[in-house]
Amino acid sequence: MSKTAKTAETIENVEFPSFDASKATDQIRAFAEKGVEQSKEAYTKLKNGAEETQKVLESTYETAKTVSGDVSLKTIAILRANAEASFSHLEALVSAKTLSEVVELQTAFLRKRAEMAVEQAKEFQAVASKAVEDVSKPVKTAFEKAFKDIKAA
């Protein structure tokens, strides 16, 4: 048997797989539909996340606006109390008759001012701490929910 005859015989015995275009089309269609479905799901998740973020930001803004009003009112109250105490002290100094009375009034005023300053600082710290907590609460809740959703996925 010659080499050419052997090659021809081998070629006749080899079968090439047939290509069925309808199966390939169905597979491509299924792949495309799956991709579209996954894209829709991703878009829905993104849209829901954006809406949730918008709600959190709006809530945080409203809370910050309310809380800043509380802080401003507390600041004004402290400034008013300090001004009234200073004017009262000035009136008392003007009506003092002796140097020892002036020294006594001044010493009492400074002691009282130090006590008031400590008390006002505590009050202001309480208001400021509440403000920070109130403003950060919606954001904290949103992040916790987002991390929980990520862990679940």
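The preceding data block contains the structure.
Residues numbered from 1 in each chain as written. Predicted model: local features only at pLDDT ≥ 70, side-chain atom pairs only at ≥ 80, totals over all residues. Heavy atoms only, no water.

*Asks:* Requested: an account of the overall build of the protein, with residues and values cited.
*Replies:* Within the protein, the secondary structure is distributed over three helices and zero strands. Along the chain direction, N to C, the helices and strands of the protein fall in the order α-α-α. Put simply, the protein has 153 residues, and 10% of those count as buried. Relative to all contacts within the protein whose residues are 6 or more apart in sequence, the contacts with residues 24 or more apart total 72%. Put simply, the protein shows about 12,900 Å² of open surface, and 62% of that area lies on carbon and sulfur atoms. (Helix = DSSP H or I, 4+ residues; strand = E, 2+ residues; numbered from the N terminus. Buried < 20%, exposed > 50% of the residue type's maximum accessible area, 1.4 Å probe, protein only. Contact = heavy atoms within 4.5 Å. Areas by Shrake-Rupley, 256 points an atom, 1.4 Å probe, with all protein chains shown as cover.)

*Asks:* Which residues make up the pattern of salt bridges, and what values do they have?
*Replies:* According to the stated counting rule, one finds four salt bridges in the structure shown. Between Glu-62 and Lys-65 there is a salt bridge, and its shortest N-O distance comes to 3.9 Å. In this pair, Glu-62 and Lys-65 both sit in helix α2 (residues 21-94), three residues apart, roughly one turn of the helix. Looking at Lys-65, the relative accessible area reads 46%, which means it is partly exposed. Note that Glu-84 is salt-bridged to Arg-80, the shortest N-O span being 3.8 Å. On the criterion of helical spacing, the pair formed by Glu-84 and Arg-80 is a turn pair, its members being four residues apart in helix α2. Take Glu-84: its relative accessible area is 47%, and that puts it in the partly exposed class. (Salt bridge = Lys/Arg side-chain N within 4 Å of Asp/Glu carboxyl O.)

*Asks:* Please provide a residue-by-residue account of the environment of Asp-70, values included.
*Replies:* Here Asp-70 shows up in helix α2. Each C-alpha atom, one on Asp-70 and one on Val-127, is 7.5 Å from the other, the two residues being 57 residues apart in sequence.

*Asks:* Could you give an account of a nonpolar patch on the surface, with specific residues and numbers?
*Replies:* Taken together, Phe-87, Leu-90 and Val-94 make up a surface patch of nonpolar side chains, about 350 Å² in accessible area. In this structure, Phe-87 sits in helix α2. Residue class for Phe-87 comes out exposed when judged on its relative accessible area of 58%. (Patch = residues over 30% accessible without salt bridge, like charges linked within 9 Å, V, L, I, M, F, W, Y side chains within 5 Å.)

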